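# Secondary and tertiary structure notes
These are the residues of each chain, in order.
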Amino acid sequence: MIHRITSDLPSFKALKFRPGLNILLAEKSPGAGDRQSRNGAGKSSLVELIHFLMGSKCDPDSIFRSSALIETSFSMQVDVAGKVVEVTRSGSKPSALSVLGDFSAWPIAPSTQRRTGREVLSNEDWKAVLGK
């Protein structure tokens with residue numbers, strides 16, 4: 001289960017999920033007519049962000065590598081192997097994720113960065129962990 005999605009981008013609104021069905025709705029502006037859509041509310045962007053945090057490719061033309069977002073980090077609290085962990089990924093280094101939490105039951109353990117003390121896992125290893 002995904003519990004929470006956050007970012008260090010000041011304008012990003014954190015999303016909190018609850019057990020069961022979660023529905024993302026876009027509010028319609030006051031005075032909007034029946035034919036005016038709710039496009040631009042970020043529903044598709046949320047799906048793209050979940051894909052990114054779950055290990056999708058991050059090609060040079062990815063939105064996460066655009067000049068507006070390349071230095072931005074996105075995080076997700078999610079259940080993996082029965083434990084809640086937090087993974088963080090950014091477009092500036094899409095080949096690695098920072099991991100917080102109990103990963104003792106994972107088939108591949110993150111390594112500790114000497115410089116920062118963070119637990120880091122390659123994106124390929126992250127996908128392998130999720131696959132198990």
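Rules behind the numbers
Residues numbered from 1 in each chain as written. Predicted model: local features only at pLDDT ≥ 70, side-chain atom pairs only at ≥ 80, totals over all residues. Heavy atoms only, no water. 1 Å grid on protein atoms, 1.4 Å probe; cavity = no way out; pocket = protein on both sides within 12 Å on 5 of 7 lines; lining within 4 Å. Points joined across faces, edges and corners; volume = space filled by probe spheres on them. Helix = DSSP H or I, 4+ residues; strand = E, 2+ residues; numbered from the N terminus. Nonpolar A, V, L, I, M, F, W, Y, C, P; charged D, E, K, R; others polar. Pairing = 2+ DSSP bridges.

Time to look at the layout of surface pockets. Considered as a void within the structure, the second largest pocket measures approximately 310 Å³ in volume. In terms of lining, the second largest pocket is formed by 15 residues, of which the most central are S90, K93, S98, Q113 and R118. Breaking the lining of the second largest pocket down by element, the ones donating at least two residues are strand 4 (83-90) and strand 5 (96-101). In terms of residue class, the lining of the second largest pocket is built from three nonpolar, seven polar and five charged.

Pairing of strand 3 (residues 73-80) with strand 4 involves eight bridges; the strand directions are antiparallel. Bridged to V78 within strand 4 is V85. From the end of strand 3 to the start of strand 4, which pair antiparallel, there are two residues, and A81 there has a positive phi angle of about 55°. As defined by bridge partners, strand 4 adjoins strand 5 across four bridges and the pair is classed as antiparallel. Bridge pairing in strand 5 places V87 opposite V99.

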